[in-house]
Amino acid sequence: MIGNLVDDPELRFTAAGVPVARFTVASTPRIFDRETNAWRDGEPTFLDCSCWRQLAENTAGSLTKGARVVVAGRLRTDRWETPEGEKRSRMVLEADEVGAALSFATVTLTRTSRPAPQRETAPDDPWATASPTRPAPPATDAGASDGEAPF
């Protein structure tokens with residue numbers, strides 16, 4: 001889906017602390033009218049979108065109302081029942097990627113940093129990397145005298 005943000009993305013957190021951003025994209029096709037020999041706007045399509053985790057935080061921190069965006073993901077149908085018993089549904093685009101459309105704008109990318117995953121290693125693990133509290137494993141006669149793994 002390519003279109004413009006109707007409002008700023010709304011960032012919320014689930015009870016478990018997982019970030020989710022919700023936003024609506026309006027896509028309006030341009031149609032050439034042969035009678036007037038001019039371009040005009042067609043009927044707009046409004047599509048609710050959502051994204052999760054780091055994508056949600058980056059989307060909410062980067063994009064604002066009116067931004068032209070490209071959203072790629074999967075369509076799903078939300079279904080519910082009103083308090084009056086009426087059945088309702090709506091299409092939602094569950095975004096895998098969200099980006100600025102570059103046809104009419106430029107952007108400067110800033111890479112977000114992720115904390116390195118913490119990995120527990122056994123004290124006698126010969127493949128563990130050296131640290132101030134754990135020296136590098138000793139070199140062996142198997143050709144790994146430079147401290148590199150033999151493969």
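Refer to the structure printed above.
Criteria and cut-off values
Residues numbered from 1 in each chain as written. Predicted model: local features only at pLDDT ≥ 70, side-chain atom pairs only at ≥ 80, totals over all residues. Heavy atoms only, no water. Helix = DSSP H or I, 4+ residues; strand = E, 2+ residues; numbered from the N terminus. Polar contact = N/O pair within 3.5 Å; in protein donor to acceptor, adjacent residues only side chain to side chain. Contact = heavy atoms within 4.5 Å. Disulfide = S-S within 2.5 Å. Buried < 20%, exposed > 50% of the residue type's maximum accessible area, 1.4 Å probe, protein only.

### Overview of the side chain of glutamate 94
Tracing the backbone through its elements, the reader meets glutamate 94 in strand E8 (residues 87–100). Only 3.3 Å separates the side chain of glutamate 94 from the side chain of serine 50, close enough to count as a polar contact. At 2.5 Å, the side chain of glutamate 94 and the side chain of tryptophan 52 are in polar contact. Setting aside its immediate chain neighbours within four residues, glutamate 94 contacts Ser50, Trp52, Ala72, Gly73, Arg74 and Arg76.

### What to know about the state of the cysteines
One pass over the structure, following the stated rule, counts zero disulfides. Distance from the sulfur of cysteine 51, which forms no disulfide, to the nearest cysteine sulfur (cysteine 49) is 8.4 Å. The class of cysteine 51 is buried, set by a relative accessible area of 0%.

By themselves, these figures tell us nothing about what the structure is for.
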